[in-house]
Amino acid sequence: MSRRLVLLLAVTCAVAVGNIYFPQAVTPLLADGLHVPSDAAAPAVTATQIGYTAGIVLLVPLGDRFAHRSFLVVLLALTGLALLAAGCAPALQPLVALSAVVGLTTVAAQVVGPLAAGLVAPDRRGAVIGTLLSGSTGGMLLARTFSGTLGEWLGWRAPYLVAAALALLLAIVLAFAVPATAPGSRQSYPALLAEPLRLLRTEPELRRSCLYQATVFAGFSAVWTCLALLLDGPAYRLGAAAVGMLALVGAATMFCTPLVGRLVDRFGPDPVNTVCLAAVPVSAAILGVGARGGGPGLAALVLGTLLLDVAMQSGMVANQARVYALRPDARSRLNTAYMTCAYLGGSAGSWLGARVWSRAGWWGVCALAAGLAAVALVRHLRALYAAPACHRQPSVDPAAAPGPSSAHSPSASSVRQHR
(Lines give C-alpha, C1' and ligand atoms only; values in the text may rest on other atoms or scores of the structure.)
Protein backbone atom coordinates (compact mmCIF):
# COMPACT_ATOMS: atom_id res chain seq x y z
CA MET A 1 0.00 0.00 0.00
CA SER A 2 1.40 3.37 -1.03
CA ARG A 3 2.12 6.18 1.40
CA ARG A 4 -0.34 8.37 -0.47
CA LEU A 5 -3.15 5.89 0.16
CA VAL A 6 -2.17 5.57 3.85
CA LEU A 7 -2.32 9.37 4.16
CA LEU A 8 -5.71 9.48 2.43
CA LEU A 9 -7.10 6.82 4.77
CA ALA A 10 -5.71 8.71 7.78
CA VAL A 11 -7.52 11.84 6.58
CA THR A 12 -10.69 9.76 6.22
CA CYS A 13 -10.31 8.66 9.84
CA ALA A 14 -9.80 12.27 10.93
CA VAL A 15 -12.93 13.49 9.15
CA ALA A 16 -15.08 10.59 10.34
CA VAL A 17 -14.01 10.88 13.98
CA GLY A 18 -14.19 14.68 13.85
CA ASN A 19 -17.89 14.44 13.01
CA ILE A 20 -18.50 13.01 16.49
CA TYR A 21 -16.73 15.83 18.31
CA PHE A 22 -17.22 19.06 16.37
CA PRO A 23 -20.85 19.60 17.54
CA GLN A 24 -19.58 19.91 21.12
CA ALA A 25 -17.98 23.28 20.37
CA VAL A 26 -21.03 24.82 18.67
CA THR A 27 -23.70 23.81 21.19
CA PRO A 28 -24.06 27.35 22.65
CA LEU A 29 -24.22 28.84 19.15
CA LEU A 30 -26.73 26.18 18.15
CA ALA A 31 -28.91 27.02 21.14
CA ASP A 32 -28.89 30.72 20.26
CA GLY A 33 -29.59 30.06 16.61
CA LEU A 34 -32.55 27.79 17.29
CA HIS A 35 -33.78 29.92 20.23
CA VAL A 36 -33.64 27.18 22.84
CA PRO A 37 -31.92 27.03 26.27
CA SER A 38 -28.29 25.90 26.23
CA ASP A 39 -29.00 22.69 28.15
CA ALA A 40 -31.82 21.83 25.75
CA ALA A 41 -29.33 21.77 22.84
CA ALA A 42 -27.14 19.12 24.49
CA PRO A 43 -29.16 16.17 23.01
CA ALA A 44 -27.77 17.08 19.58
CA VAL A 45 -24.32 16.07 20.86
CA THR A 46 -25.55 13.06 22.82
CA ALA A 47 -27.50 11.75 19.82
CA THR A 48 -24.34 11.74 17.70
CA GLN A 49 -22.45 9.71 20.31
CA ILE A 50 -25.32 7.23 20.77
CA GLY A 51 -25.61 6.86 17.01
CA TYR A 52 -21.87 6.19 16.73
CA THR A 53 -22.03 3.41 19.31
CA ALA A 54 -24.97 1.88 17.45
CA GLY A 55 -23.05 2.16 14.18
CA ILE A 56 -20.12 0.19 15.57
CA VAL A 57 -22.47 -2.63 16.58
CA LEU A 58 -24.89 -2.56 13.62
CA LEU A 59 -22.83 -1.43 10.62
CA VAL A 60 -19.13 -2.18 11.14
CA PRO A 61 -19.61 -6.00 10.89
CA LEU A 62 -20.89 -5.42 7.34
CA GLY A 63 -17.30 -4.56 6.42
CA ASP A 64 -16.76 -8.32 6.14
CA ARG A 65 -19.86 -8.76 3.97
CA PHE A 66 -19.37 -6.01 1.39
CA ALA A 67 -16.38 -4.78 -0.58
CA HIS A 68 -14.59 -2.16 1.52
CA ARG A 69 -14.44 0.47 -1.21
CA SER A 70 -18.17 0.42 -1.91
CA PHE A 71 -19.02 0.26 1.79
CA LEU A 72 -16.81 3.25 2.61
CA VAL A 73 -18.21 5.32 -0.23
CA VAL A 74 -21.80 4.60 0.83
CA LEU A 75 -21.06 5.40 4.49
CA LEU A 76 -19.36 8.70 3.68
CA ALA A 77 -22.09 9.68 1.23
CA LEU A 78 -24.79 8.99 3.81
CA THR A 79 -22.82 10.91 6.44
CA GLY A 80 -22.42 13.85 4.07
CA LEU A 81 -26.12 13.95 3.23
CA ALA A 82 -27.08 13.68 6.91
CA LEU A 83 -24.69 16.53 7.80
CA LEU A 84 -26.09 18.62 4.96
CA ALA A 85 -29.64 18.07 6.21
CA ALA A 86 -28.54 18.78 9.80
CA GLY A 87 -26.99 22.06 8.71
CA CYS A 88 -30.33 23.05 7.21
CA ALA A 89 -32.48 21.80 10.11
CA PRO A 90 -35.23 24.29 10.95
CA ALA A 91 -35.62 23.23 14.60
CA LEU A 92 -33.96 21.27 17.38
CA GLN A 93 -36.00 18.06 17.06
CA PRO A 94 -35.05 17.29 13.45
CA LEU A 95 -31.46 18.28 14.24
CA VAL A 96 -31.31 15.72 17.05
CA ALA A 97 -32.72 13.01 14.77
CA LEU A 98 -30.27 13.87 12.00
CA SER A 99 -27.39 13.96 14.49
CA ALA A 100 -28.19 10.36 15.39
CA VAL A 101 -28.00 9.45 11.69
CA VAL A 102 -24.65 11.25 11.41
CA GLY A 103 -23.30 9.25 14.35
CA LEU A 104 -24.67 5.99 12.97
CA THR A 105 -23.01 6.39 9.58
CA THR A 106 -19.73 8.11 10.52
CA VAL A 107 -18.05 4.81 11.40
CA ALA A 108 -15.70 4.96 8.42
CA ALA A 109 -12.65 4.93 10.71
CA GLN A 110 -13.70 1.51 12.01
CA VAL A 111 -13.95 0.22 8.44
CA VAL A 112 -10.68 1.78 7.29
CA GLY A 113 -8.67 -0.17 9.88
CA PRO A 114 -9.63 -3.66 8.64
CA LEU A 115 -9.28 -2.47 5.03
CA ALA A 116 -5.73 -1.19 5.61
CA ALA A 117 -4.78 -4.33 7.56
CA GLY A 118 -5.67 -6.41 4.50
CA LEU A 119 -3.80 -4.22 2.01
CA VAL A 120 -0.48 -3.97 3.84
CA ALA A 121 2.18 -6.58 4.52
CA PRO A 122 2.14 -7.98 8.08
CA ASP A 123 5.54 -6.47 8.86
CA ARG A 124 4.18 -2.96 8.14
CA ARG A 125 0.74 -3.34 9.70
CA GLY A 126 1.62 -1.75 13.04
CA ALA A 127 3.08 1.37 11.40
CA VAL A 128 -0.02 1.80 9.26
CA ILE A 129 -2.37 1.29 12.23
CA GLY A 130 -0.37 3.89 14.14
CA THR A 131 -0.71 6.37 11.28
CA LEU A 132 -4.46 5.81 11.05
CA LEU A 133 -4.81 6.28 14.79
CA SER A 134 -2.80 9.48 14.49
CA GLY A 135 -5.37 10.71 11.98
CA SER A 136 -8.24 9.82 14.30
CA THR A 137 -6.55 11.65 17.19
CA GLY A 138 -5.97 14.70 15.03
CA GLY A 139 -9.61 14.73 13.95
CA MET A 140 -10.78 14.47 17.55
CA LEU A 141 -8.52 17.31 18.73
CA LEU A 142 -8.89 19.68 15.79
CA ALA A 143 -12.62 19.26 15.17
CA ARG A 144 -13.62 21.30 18.23
CA THR A 145 -11.23 24.13 17.40
CA PHE A 146 -12.25 24.17 13.75
CA SER A 147 -15.98 24.15 14.40
CA GLY A 148 -15.81 26.65 17.24
CA THR A 149 -13.84 29.17 15.18
CA LEU A 150 -15.95 28.70 12.04
CA GLY A 151 -19.15 28.84 14.05
CA GLU A 152 -18.15 32.15 15.64
CA TRP A 153 -17.54 33.63 12.19
CA LEU A 154 -20.41 32.19 10.17
CA GLY A 155 -22.91 30.70 12.61
CA TRP A 156 -23.60 27.19 13.88
CA ARG A 157 -24.74 25.84 10.50
CA ALA A 158 -21.39 26.47 8.80
CA PRO A 159 -19.43 23.64 10.52
CA TYR A 160 -22.16 21.17 9.56
CA LEU A 161 -22.14 22.29 5.93
CA VAL A 162 -18.33 22.24 5.68
CA ALA A 163 -18.20 18.79 7.29
CA ALA A 164 -20.83 17.63 4.80
CA ALA A 165 -18.73 18.89 1.88
CA LEU A 166 -15.62 17.12 3.24
CA ALA A 167 -17.47 13.81 3.66
CA LEU A 168 -18.96 13.95 0.16
CA LEU A 169 -15.60 14.93 -1.37
CA LEU A 170 -13.88 12.03 0.39
CA ALA A 171 -16.56 9.64 -0.87
CA ILE A 172 -15.75 10.67 -4.45
CA VAL A 173 -11.98 10.46 -3.96
CA LEU A 174 -12.11 7.05 -2.23
CA ALA A 175 -14.29 5.65 -5.03
CA PHE A 176 -11.29 6.00 -7.33
CA ALA A 177 -8.33 5.73 -4.92
CA VAL A 178 -9.15 2.60 -2.89
CA PRO A 179 -8.33 -0.70 -4.64
CA ALA A 180 -11.02 -3.35 -4.97
CA THR A 181 -11.10 -6.08 -2.33
CA ALA A 182 -13.17 -9.24 -2.07
CA PRO A 183 -15.65 -9.61 0.81
CA GLY A 184 -14.45 -11.93 3.57
CA SER A 185 -17.83 -13.46 4.40
CA ARG A 186 -21.14 -14.43 2.81
CA GLN A 187 -23.01 -14.72 6.08
CA SER A 188 -26.44 -13.19 6.55
CA TYR A 189 -26.82 -9.93 8.43
CA PRO A 190 -28.20 -11.54 11.63
CA ALA A 191 -25.28 -13.98 11.61
CA LEU A 192 -22.81 -11.11 11.20
CA LEU A 193 -24.34 -9.28 14.16
CA ALA A 194 -24.00 -12.36 16.35
CA GLU A 195 -20.46 -13.15 15.21
CA PRO A 196 -18.58 -10.67 17.48
CA LEU A 197 -19.94 -12.44 20.56
CA ARG A 198 -18.93 -15.82 19.16
CA LEU A 199 -15.46 -14.51 18.38
CA LEU A 200 -15.13 -13.30 21.96
CA ARG A 201 -15.90 -16.83 23.14
CA THR A 202 -13.58 -18.61 20.73
CA GLU A 203 -10.59 -16.25 20.39
CA PRO A 204 -8.55 -15.91 23.61
CA GLU A 205 -6.20 -13.36 22.02
CA LEU A 206 -9.21 -11.18 21.22
CA ARG A 207 -10.44 -11.47 24.81
CA ARG A 208 -7.16 -10.37 26.34
CA SER A 209 -6.80 -7.49 23.86
CA CYS A 210 -10.31 -6.37 24.83
CA LEU A 211 -9.44 -6.67 28.52
CA TYR A 212 -6.28 -4.59 28.12
CA GLN A 213 -8.00 -1.78 26.23
CA ALA A 214 -11.18 -1.79 28.32
CA THR A 215 -9.29 -1.47 31.60
CA VAL A 216 -6.86 1.19 30.39
CA PHE A 217 -9.62 3.16 28.68
CA ALA A 218 -11.71 2.91 31.85
CA GLY A 219 -8.89 4.46 33.87
CA PHE A 220 -8.33 7.07 31.16
CA SER A 221 -12.02 8.03 31.19
CA ALA A 222 -12.14 8.14 34.99
CA VAL A 223 -9.20 10.56 35.07
CA TRP A 224 -10.58 12.88 32.40
CA THR A 225 -14.08 12.79 33.87
CA CYS A 226 -12.79 14.02 37.23
CA LEU A 227 -10.03 16.30 35.96
CA ALA A 228 -12.51 19.10 35.35
CA LEU A 229 -13.73 18.78 38.94
CA LEU A 230 -10.17 19.01 40.24
CA LEU A 231 -9.25 22.05 38.14
CA ASP A 232 -12.49 23.80 39.03
CA GLY A 233 -12.06 23.05 42.75
CA PRO A 234 -10.24 24.93 45.48
CA ALA A 235 -6.80 23.55 44.57
CA TYR A 236 -6.77 25.40 41.21
CA ARG A 237 -10.00 27.35 40.47
CA LEU A 238 -9.15 27.39 36.77
CA GLY A 239 -12.48 26.42 35.21
CA ALA A 240 -13.38 24.37 32.15
CA ALA A 241 -11.11 26.27 29.75
CA ALA A 242 -8.06 24.81 31.53
CA VAL A 243 -9.32 21.29 30.77
CA GLY A 244 -9.44 22.14 27.07
CA MET A 245 -5.90 23.47 27.15
CA LEU A 246 -4.71 20.40 29.02
CA ALA A 247 -6.39 18.17 26.45
CA LEU A 248 -4.16 19.68 23.76
CA VAL A 249 -1.25 17.91 25.45
CA GLY A 250 -2.71 14.74 23.93
CA ALA A 251 -1.69 16.04 20.50
CA ALA A 252 1.70 14.50 21.19
CA THR A 253 0.13 11.08 20.62
CA MET A 254 -0.31 12.01 16.96
CA PHE A 255 3.46 11.78 16.59
CA CYS A 256 3.96 8.82 18.94
CA THR A 257 1.57 6.26 17.46
CA PRO A 258 3.31 5.83 14.07
CA LEU A 259 6.60 5.24 15.92
CA VAL A 260 4.92 2.77 18.28
CA GLY A 261 3.45 1.01 15.26
CA ARG A 262 6.93 0.42 13.86
CA LEU A 263 8.00 -1.00 17.22
CA VAL A 264 5.02 -3.37 17.10
CA ASP A 265 6.09 -4.47 13.62
CA ARG A 266 9.62 -5.16 14.87
CA PHE A 267 9.03 -6.71 18.28
CA GLY A 268 5.39 -7.76 18.27
CA PRO A 269 2.47 -6.38 20.29
CA ASP A 270 3.28 -8.03 23.63
CA PRO A 271 6.43 -6.06 24.55
CA VAL A 272 4.64 -2.83 23.64
CA ASN A 273 1.64 -3.87 25.75
CA THR A 274 3.95 -4.56 28.68
CA VAL A 275 5.40 -1.06 28.58
CA CYS A 276 2.00 0.59 28.06
CA LEU A 277 0.29 -1.28 30.90
CA ALA A 278 3.19 -0.57 33.25
CA ALA A 279 3.17 3.11 32.28
CA VAL A 280 -0.44 3.64 33.42
CA PRO A 281 0.25 3.16 37.18
CA VAL A 282 3.29 5.40 36.81
CA SER A 283 1.15 8.09 35.19
CA ALA A 284 -1.45 7.66 37.96
CA ALA A 285 1.24 8.23 40.61
CA ILE A 286 2.37 11.41 38.84
CA LEU A 287 -1.22 12.58 38.45
CA GLY A 288 -1.76 12.05 42.17
CA VAL A 289 0.75 14.82 42.88
CA GLY A 290 -1.65 17.13 41.07
CA ALA A 291 -3.88 17.13 44.15
CA ARG A 292 -1.38 19.51 45.80
CA GLY A 293 -2.32 22.37 43.49
CA GLY A 294 -0.12 25.26 42.48
CA GLY A 295 2.60 25.22 39.85
CA PRO A 296 4.13 21.84 40.82
CA GLY A 297 0.70 20.24 40.88
CA LEU A 298 -0.21 21.62 37.45
CA ALA A 299 3.11 20.42 36.04
CA ALA A 300 2.34 16.96 37.42
CA LEU A 301 -1.05 17.00 35.73
CA VAL A 302 0.50 17.95 32.39
CA LEU A 303 3.15 15.21 32.61
CA GLY A 304 0.73 12.62 33.97
CA THR A 305 -1.97 13.19 31.36
CA LEU A 306 0.64 13.13 28.58
CA LEU A 307 1.99 9.77 29.79
CA LEU A 308 -1.52 8.38 30.23
CA ASP A 309 -2.59 9.50 26.74
CA VAL A 310 0.51 8.02 25.12
CA ALA A 311 0.10 4.73 27.02
CA MET A 312 -3.58 4.40 26.09
CA GLN A 313 -3.13 5.22 22.40
CA SER A 314 0.04 3.11 22.05
CA GLY A 315 -1.72 0.18 23.64
CA MET A 316 -4.49 0.64 21.09
CA VAL A 317 -1.96 0.22 18.26
CA ALA A 318 -0.53 -2.97 19.80
CA ASN A 319 -3.94 -4.46 20.54
CA GLN A 320 -5.39 -3.75 17.11
CA ALA A 321 -2.32 -5.24 15.43
CA ARG A 322 -2.88 -8.42 17.45
CA VAL A 323 -6.60 -8.50 16.72
CA TYR A 324 -6.28 -7.92 12.97
CA ALA A 325 -3.80 -10.80 12.69
CA LEU A 326 -6.27 -13.36 14.08
CA ARG A 327 -8.77 -13.83 11.24
CA PRO A 328 -8.20 -12.06 7.89
CA ASP A 329 -11.76 -12.97 6.82
CA ALA A 330 -13.37 -11.48 9.94
CA ARG A 331 -11.43 -8.29 10.69
CA SER A 332 -14.49 -6.04 10.77
CA ARG A 333 -16.31 -8.37 13.17
CA LEU A 334 -13.19 -8.63 15.32
CA ASN A 335 -12.94 -4.85 15.35
CA THR A 336 -16.60 -4.59 16.35
CA ALA A 337 -16.01 -6.83 19.36
CA TYR A 338 -12.83 -4.99 20.29
CA MET A 339 -14.17 -1.45 19.97
CA THR A 340 -17.43 -2.31 21.74
CA CYS A 341 -15.51 -3.67 24.72
CA ALA A 342 -13.24 -0.60 24.72
CA TYR A 343 -16.17 1.82 24.73
CA LEU A 344 -17.99 -0.15 27.40
CA GLY A 345 -14.84 0.07 29.50
CA GLY A 346 -14.64 3.81 28.93
CA SER A 347 -18.28 4.29 29.92
CA ALA A 348 -17.82 2.20 33.05
CA GLY A 349 -14.68 4.17 33.92
CA SER A 350 -16.51 7.48 33.72
CA TRP A 351 -19.25 6.14 36.00
CA LEU A 352 -16.79 4.67 38.49
CA GLY A 353 -14.57 7.73 38.45
CA ALA A 354 -17.41 10.05 39.42
CA ARG A 355 -18.36 7.84 42.33
CA VAL A 356 -14.81 7.36 43.55
CA TRP A 357 -14.28 11.11 43.36
CA SER A 358 -17.25 11.75 45.66
CA ARG A 359 -15.84 9.33 48.26
CA ALA A 360 -12.05 9.50 47.98
CA GLY A 361 -11.25 12.56 45.87
CA TRP A 362 -8.49 12.85 43.29
CA TRP A 363 -6.18 10.36 44.97
CA GLY A 364 -8.94 7.75 44.81
CA VAL A 365 -9.45 8.37 41.09
CA CYS A 366 -5.72 7.96 40.45
CA ALA A 367 -5.72 4.75 42.50
CA LEU A 368 -8.65 3.48 40.45
CA ALA A 369 -6.78 4.07 37.17
CA ALA A 370 -3.66 2.35 38.54
CA GLY A 371 -5.65 -0.60 39.90
CA LEU A 372 -7.49 -1.20 36.63
CA ALA A 373 -4.21 -1.21 34.69
CA ALA A 374 -2.67 -3.52 37.29
CA VAL A 375 -5.44 -6.06 36.66
CA ALA A 376 -4.60 -6.06 32.96
CA LEU A 377 -0.85 -6.14 33.62
CA VAL A 378 -1.16 -9.21 35.86
CA ARG A 379 -3.24 -10.96 33.18
CA HIS A 380 -0.69 -9.96 30.55
CA LEU A 381 2.30 -11.25 32.52
CA ARG A 382 0.50 -14.52 33.19
CA ALA A 383 -0.08 -14.91 29.44
CA LEU A 384 3.60 -14.27 28.71
CA TYR A 385 4.67 -16.75 31.38
CA ALA A 386 2.26 -19.43 30.16
CA ALA A 387 3.31 -19.27 26.52
CA PRO A 388 6.52 -17.27 26.17
CA ALA A 389 7.58 -18.68 22.83
CA CYS A 390 4.26 -17.84 21.24
CA HIS A 391 3.48 -14.44 22.71
CA ARG A 392 6.92 -12.89 22.56
CA GLN A 393 7.09 -13.21 18.79
CA PRO A 394 5.59 -10.65 16.41
CA SER A 395 2.08 -11.55 15.30
CA VAL A 396 1.90 -13.47 12.01
CA ASP A 397 -1.03 -12.97 9.70
CA PRO A 398 -2.54 -16.35 8.76
CA ALA A 399 -3.06 -15.05 5.24
CA ALA A 400 0.68 -14.50 4.89
CA ALA A 401 1.73 -17.91 6.13
CA PRO A 402 1.79 -21.02 3.93
CA GLY A 403 -0.68 -23.77 4.58
CA PRO A 404 -4.38 -24.54 4.42
CA SER A 405 -5.47 -21.44 6.34
CA SER A 406 -4.10 -19.07 3.70
CA ALA A 407 -5.27 -21.18 0.81
CA HIS A 408 -8.89 -21.28 1.92
CA SER A 409 -9.31 -17.88 3.56
CA PRO A 410 -11.93 -15.89 1.59
CA SER A 411 -9.87 -12.73 1.82
CA ALA A 412 -6.40 -14.19 1.50
CA SER A 413 -6.24 -13.98 -2.28
CA SER A 414 -7.50 -10.41 -2.15
CA VAL A 415 -4.90 -9.45 0.43
CA ARG A 416 -2.07 -10.97 -1.59
CA GLN A 417 -3.39 -9.32 -4.76
CA HIS A 418 -3.12 -5.80 -3.38
CA ARG A 419 0.13 -5.89 -1.40
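Everything in this summary refers to the structure shown in the same document. None of the values given here were measured: they were computed from a predicted structure.

Some points on the overall build of the protein chain
Here comes step 1: Helix and strand counts for the protein chain stand at 18 helices and zero strands.
Here comes step 2: Considering the protein chain as a whole, with its 419 residues, one finds that 54% of them fall into the buried category.
Here comes step 3: Sequence separation of 24 or more characterises 82% of the internal contacts of the protein chain that already satisfy a separation of 6 or more.
Here comes step 4: Summing over all exposed atoms, the protein chain offers an accessible surface of approximately 17200 Å²; the carbon and sulfur share of this is 70%.

A word on the pattern of salt bridges
Here comes step 1: Tallied over the entire structure, the rule returns eight salt bridges.
Here comes step 2: Here Arg198 ties to Glu195 by a salt bridge, and the two come within 2.6 Å at their closest N and O atoms. Here Arg198 and its partner Glu195 are both found in helix H9 (residues 189–202), three residues apart, which amounts to about one turn of the helix.
Here comes step 3: Residue classification places Glu195 among the buried residues on the basis of a relative accessible area of 6%.
Here comes step 4: The shortest N-O distance in the salt bridge between Glu205 and Arg208 comes to 2.8 Å.

Re a nonpolar patch on the surface
Here comes step 1: Taken together, Val57, Leu58, Tyr189 and Leu193 make up a surface patch of nonpolar side chains, about 280 Å² in accessible area.
Here comes step 2: Elements with a minimum of two residues in the nonpolar patch: helix H3 (43–58) and H9.
Here comes step 3: Here Leu58 is to be found in helix H3.
Here comes step 4: Relative accessible area serves as the criterion here: at 35%, Leu58 is assigned to the partly exposed category.

Regarding the nonpolar core
Here comes step 1: In this structure, Met1, Leu9, Leu30, Leu95, Leu132, Tyr160 and Leu206 are the most contacted members of the largest nonpolar core, which totals 79 residues.
Here comes step 2: Not counting residues up to four positions away in its chain, the partners in contact with Leu9 are Met1, Val112, Leu115, Ala116, Leu132, Leu174 and Val178.
Here comes step 3: Judged by nonpolar contacts, the second largest core, of 34 residues, contains Leu231, Leu287, Leu372 and Ala376.

Details of unusual backbone geometry
Here comes step 1: Although it is not a glycine, His35 sits at a positive phi angle of roughly 60°.
Here comes step 2: As for its placement among the helices and strands, His35 is situated in the loop between helix H2 (27–34) and H3.
Here comes step 3: Classification of His35 as exposed rests on a relative accessible area of 72%.

Here's the deal with the side chain of Asp265
Here comes step 1: Checked against the element boundaries, Asp265 lands in helix H12 (residues 253–267).
Here comes step 2: Comment: no salt bridge for buried Asp265; closest opposite-charge side chain is Arg124, at 6.6 Å.
Here comes step 3: In this structure the side chain of Asp265 is engaged in a polar contact, spanning 2.6 Å, whose partner is the backbone nitrogen of Gly126.

Here's the deal with the packing of aromatic side chains
Here comes step 1: Scanning the model with the defined rule gives seven aromatic pairs in all.
Here comes step 2: A ring pair is formed by Phe22 and Tyr160, whose centres lie 5.0 Å apart and whose planes are at 75°; its orientation type is edge-to-face. Of this pair, Phe22 sits in helix H1 (residues 3–25) while Tyr160 is found in helix H8 (residues 157–177), placing the two residues 138 residues apart along the sequence.
Here comes step 3: When its relative accessible area of 2% is taken as the criterion, Tyr160 is described as buried.
Here comes step 4: Ring geometry for Trp156 versus Tyr160: centroids 5.7 Å apart, planes at 85°, classification edge-to-face. As far as burial versus exposure is concerned, Trp156 and Tyr160 are alike and both buried.
Here comes step 5: By the ring-pair criterion, three or more aromatic residues cluster together here, those being Tyr52, Phe217, Phe220, Trp224 and Tyr343.

Examining the environment of Ala25
Here comes step 1: You can see Ala25 is positioned in helix H1.
Here comes step 2: Along the backbone, Ala25 and Ser147 are 122 residues apart, and their C-alpha atoms lie at a distance of 6.4 Å.

Focus on the environment of Leu298
Here comes step 1: Position of Leu298 relative to the elements: it lies in helix H14 (residues 294–324).
Here comes step 2: By relative accessible area, Leu298 is classed as partly exposed at 33%.
Here comes step 3: Taking the C-alpha atoms as reference points, Leu298 and Leu246, separated by 52 residues in sequence, lie 9.6 Å from one another.
Here comes step 4: Those residues in contact with Leu298 that sit more than four places away from it in its chain are Leu231, Tyr236 and Leu238.

Quick look at the side chain of Ser136
Here comes step 1: The residue Ser136 is located in helix H7 (residues 125–154) in this model.
Here comes step 2: For Ser136, the contacting residues outside a window of four places in its chain are Cys13, Ala14, Val17 and Ala109.

As for H8
Here comes step 1: Taking 1.5 Å per residue as the helical rise, H8 with its 21 residues ought to reach 30 Å, and the 30 Å between its terminal C-alpha atoms agrees with that figure.
Here comes step 2: Every buried residue belonging to H8 is among Ala158, Pro159, Tyr160, Ala163, Ala164, Ala167, Leu170, Ala171 and Leu174, and all of these are buried.
Here comes step 3: Check the buried side of H8 and you find it contacts H1, H2, helix H4 (68–87), helix H5 (92–105) and H7.

Section: the packing of H14 against helix H15 (residues 331–386)
Here comes step 1: Packing of H14 against H15 brings their axes to within 11 Å, and their N-to-C directions diverge by 155°. One element, H14, and the other, H15, form an angle in the roughly antiparallel class. Helix-helix and strand crossings are classified by hand; for H14 and H15 the assignment is right-handed. Here H14 contributes Leu301, Met316, Asn319, Gln320, Val323 and Tyr324 to the contact with H15, which in turn contributes Arg331, Leu334, Asn335, Tyr338, Met339 and Trp362.
Here comes step 2: Looking at the contact of H14 with H15 residue by residue, the classes come out as eight nonpolar, three polar and one charged.

Reading the values: the criteria
- Residues numbered from 1 in each chain as written.
- Predicted model: local features only at pLDDT ≥ 70, side-chain atom pairs only at ≥ 80, totals over all residues.
- Heavy atoms only, no water.
- Helix = DSSP H or I, 4+ residues; strand = E, 2+ residues; numbered from the N terminus.
- Buried < 20%, exposed > 50% of the residue type's maximum accessible area, 1.4 Å probe, protein only.
- Contact = heavy atoms within 4.5 Å.
- Areas by Shrake-Rupley, 256 points an atom, 1.4 Å probe, with all protein chains shown as cover.
- Salt bridge = Lys/Arg side-chain N within 4 Å of Asp/Glu carboxyl O.
- Patch = residues over 30% accessible without salt bridge, like charges linked within 9 Å, V, L, I, M, F, W, Y side chains within 5 Å.
- Core = buried A, V, L, I, M, F, W, Y, C linked by side-chain atoms within 4.5 Å.
- Lys, Arg positive; Asp, Glu negative; His and termini not counted.
- Polar contact = N/O pair within 3.5 Å; in protein donor to acceptor, adjacent residues only side chain to side chain.
- Phe/Tyr/Trp six-rings, centres within 6.5 Å; stacked < 30°, edge-to-face > 60°.
- Expected span 1.5 Å × (residues − 1).
- Axes fitted to C-alpha atoms, helices over the stretch in contact; angles between N-to-C directions.
- Parallel < 35°, antiparallel > 145°, perpendicular 65-115°, else oblique.
- Left-handed = near helix turned anticlockwise from the far one by under 90°.
- Nonpolar A, V, L, I, M, F, W, Y, C, P; charged D, E, K, R; others polar.

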